[in-house]
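Observations on chain architecture
Now for the letters of each chain:
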Amino acid sequence: MKITLSVIKADIGSLVGHSIVHPTSIDIAKKELAKSRDIEDFYVTHCGDDLELIIVHRKGINNKVIHKLAWQTFMKAAEKAKKMKLYAAGQDLLVKTFSGNIKGQGPGVAEMEFNERPSDPIIVFMADKTEAGSWNFPLYKIFADPFNTSGLVIDPKLHSGFKFEVLDVLKNKKVLLSCPEEVYDLLALIGAPSRYILKNVYTKKGEIAATSSIEKLSKLAGRYVGKDDPVCIVRAQSGFPAVGEVLEPFAFPFMVAGWMRGSHHGPFIPVAEKNAKCTRFDGPPRVMALGFQISNGKLIGPNDLFDDPGFDKTRQEANVMADYIRKHGPFEPHRLPSDEMEYTTLPEVLKKLKNRFKKI
Ligand code: F6R
Ligand code: MG
Ligand code: MG
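Definitions and cut-offs
Residues numbered from 1 in each chain as written. Chains lettered and ligands numbered in written order. Predicted model: local features only at pLDDT ≥ 70, side-chain atom pairs only at ≥ 80, totals over all residues. Heavy atoms only, no water. Helix = DSSP H or I, 4+ residues; strand = E, 2+ residues; numbered from the N terminus. Rg over C-alpha atoms; globule rule 2.2 N^0.38 Å. Contact = heavy atoms within 4.5 Å. Areas by Shrake-Rupley, 256 points an atom, 1.4 Å probe, with all protein chains shown as cover. Donors = N, O, S within 2.8 Å, 3.2 Å for Na, K, Ca; no water. Buried < 20%, exposed > 50% of the residue type's maximum accessible area, 1.4 Å probe, protein only. Pairing = 2+ DSSP bridges. Axes fitted to C-alpha atoms, helices over the stretch in contact; angles between N-to-C directions. Domains from an automatic or database assignment. Buried area = accessible area lost by both parts, 1.4 Å probe. Salt bridge = Lys/Arg side-chain N within 4 Å of Asp/Glu carboxyl O. Polar contact = N/O pair within 3.5 Å; in protein donor to acceptor, adjacent residues only side chain to side chain. Left-handed = near helix turned anticlockwise from the far one by under 90°. Nonpolar A, V, L, I, M, F, W, Y, C, P; charged D, E, K, R; others polar.

1. As for the overall build of the protein
Looking only at helices and strands, the protein has 10 helices and 15 strands in total. A compact globule built from 360 residues would reach a C-alpha radius of gyration of about 21 Å, and the protein, at 20 Å, matches this within 12%. With the principal axes as the frame, the protein shows a C-alpha extent of 65 × 45 × 40 Å. Look at the contacts in the protein between residues 6 or more apart in sequence, and 69% of them connect residues 24 or more apart. Carbon and sulfur atoms form 55% of the exposed surface of the protein, whose accessible area is close to 16,600 Å².

This is the structure:
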């Protein structure tokens, strides 16, 4: 029987400023999910100020019951967060009443349905202080770059490549590209992660291999609320890239958009679960990776995969990069390009200069 893995997240309020989720919010979420008879298993954690619900069930993706459960869990946690006067309590819950599908209502969602394998390793990536397109780079490396994933060359099960579904969030369109044949077309798109977002990766036979949350909070709210702080699920081993191949792209702290006020580029730091707290300049942007074996619908784990000295050098390099780019202060390329600043609070500041501009 098929199982569904749903990772649903929201910023419902934070301790201090936009740093971490309060332990009380985690406890509330655990209690709410434990009450449900509609799910097989769950794990609750946080990445920075985002409350993360990892849920296994058998109801398929986009299921109303599961989305409602997540929504009510966030609402309960937000209610208490408001009472405690935690910062920005209820931030990502953009609507008052649940519409039947949590998509478009503020929270981020990544879900996949598949037949549980005889042994089934999966990795859940969770990020804070960055945008949905930040998975473009690692997903490309994992599923299309033979210098990252040696299985693409060596393993006959991976050798034919993968298919990539890319969304154009400006035009609300999507395209499916097949790699390695169309690798340059793929890169032409996903190299611009603020517009083109890699949503799904499939095997050539059409089986789901990876999926990411694509919610753009600024587009949903029409203004800057917080960054998307996306999540991503990747299947590993036995016909999919090995766990180590899935983690390998994160050994390079590539630049992502987000960080302070969602308005700055910064290095993406891989961190252990205990270090998923945003501090310096409200960041830097960070990513954590929890590995689970799925076993008859239960989550065995997690294994906190970036809690490894093997990533220490990456973290050092990221800190050097953070120092370097911070020195630009409010200048690009630290600050995001103007079109992306339209969704921040900057236009409000510029309004007062409007009438002072004279024709040249
Ligand atoms: C980034 C983020 C923070 C806030 C910043 C200002 O996603 O949430 O960097 O933008 O702390 O927050 P406010 O406007 O609430 O004072
Ligand atoms: Mg926040
Ligand atoms: Mg956040």
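2. Re the coordination of the magnesium ion (ligand 2)
In this structure, Asp 11 (OD), His 18 (ND1) and Asp 49 (OD) serve as the protein donors to the magnesium ion (ligand 2), at separations of 1.9 to 2.3 Å. All donors to the magnesium ion (ligand 2) come from one chain, and their sequence spacing reads D-x6-H-x30-D. Between the magnesium ion (ligand 2) and the magnesium ion (ligand 3), a spacing of 4.7 Å is present, and a bridge between the two is formed by Asp 49. On the basis of relative accessibility, which here comes to 1%, the residue Asp 11 falls in the buried class.

3. Section: the coordination of the magnesium ion (ligand 3)
Four donors placed tetrahedrally about a metal ideally form angles of 109.5 degrees, and six donors placed octahedrally ideally form angles of 90 or 180 degrees. Protein coordination at the magnesium ion (ligand 3): the donors are Asp 49 (OD), Asp 50 (OD), Asp 128 (OD) and Asp 229 (OD), at 2.0 to 2.1 Å from the metal. Along the chain, the residues donating to the magnesium ion (ligand 3) fall in the pattern D-D-x77-D-x100-D.

4. Some details on the sheet that holds strand β3 (residues 50-57)
Strand order across the open sheet formed by four strands is β2-β3-β1-β4, with antiparallel pairing between neighbours. The open sheet is flanked by β2 (39-47) and β4 (108-115), the only strands paired with a single partner. Across this sheet, the average inter-strand angle for adjacent strands is 15°, counted without regard to direction. Where helix α1 (residues 23-35) meets the sheet, it contacts β2 and β3, and its direction lies at approximately 170° from that of β2.

5. Details of the domain arrangement of the protein
Accessible area lost on assembly of the parts is the figure often given for the size of an interface. Along its sequence, the protein is carved into domain 1 (1-112) and domain 2 (116-360). Using only C-alpha atoms to locate each centre, domain 1 and domain 2 end up separated by 21 Å. Each partner contributes to the interface: domain 1 provides 34 residues, whereas domain 2 provides 40 residues. Interface area for domain 1 against domain 2, summed over the two sides, is near 2,900 Å², with a carbon-plus-sulfur share of 65%. Counting the surface domain 1 buries against domain 2, the share from its top three residues, Tyr 43, Cys 47 and Met 112, is 20%. At the boundary of domain 1 and domain 2, one finds one salt bridge. In this structure, the salt-bridge partner of Lys 129 is Asp 49, at a minimum N-O distance of 3.1 Å. In this assembly, domain 1 and domain 2 are joined by 12 residue pairs in polar contact (both at pLDDT 80 or more). Where the side of domain 1 that touches domain 2 is concerned, the elements lending two or more residues are β1 (2-10), β2, β3 and β4.

6. Comments concerning the pattern of salt bridges
In this structure the tally under the stated criterion is 20 salt bridges. A salt bridge links Asp 50 to Lys 9; the nearest nitrogen and oxygen atoms lie 3.1 Å apart. Note that Asp 50 is positioned in strand β3 and Lys 9 in strand β1, a separation of 41 residues in sequence. A relative accessible area of 0% means that Asp 50 is categorised as buried. Three or more residues are tied together by salt bridges with common partners; here these are Arg 117, Asp 120, Glu 207 and Arg 235.

7. Observations concerning unusual backbone geometry
The omega angle of the peptide bond from Gly 283 to Pro 284 is -15°, so this bond is cis rather than trans. When you line up the elements, Pro 284 lands in the loop between β13 (269-270) and β14 (286-295). Even without being glycine, Ser 238 reaches a positive phi, approximately 45°. Residue placement: Ser 238 occurs in the loop between β10 (231-235) and α7 (243-247). Taking relative accessible area as the criterion, Ser 238 reaches 56% and is therefore assigned exposed. You will see that Arg 261, though not glycine, has its phi angle at about 55°, which is positive. For Arg 261, a relative accessible area of 57% translates into the label exposed.

8. A closer look at the packing of α1 against helix α2 (residues 64-83)
Following both chains from N to C, one finds α1 and α2 inclined at 145°, their axes separated by 9 Å at the closest point. The handedness of the crossing between α1 and α2 is right-handed. Packed against α1, whose contacting residues are Thr 24, Ser 25, Ile 28, Ala 29, Glu 32 and Leu 33, the element α2 presents Leu 69, Thr 73, Lys 76, Ala 77 and Lys 80 at the interface. A class-by-class count of the residues in the contact of α1 with α2 yields five nonpolar, three polar and three charged.

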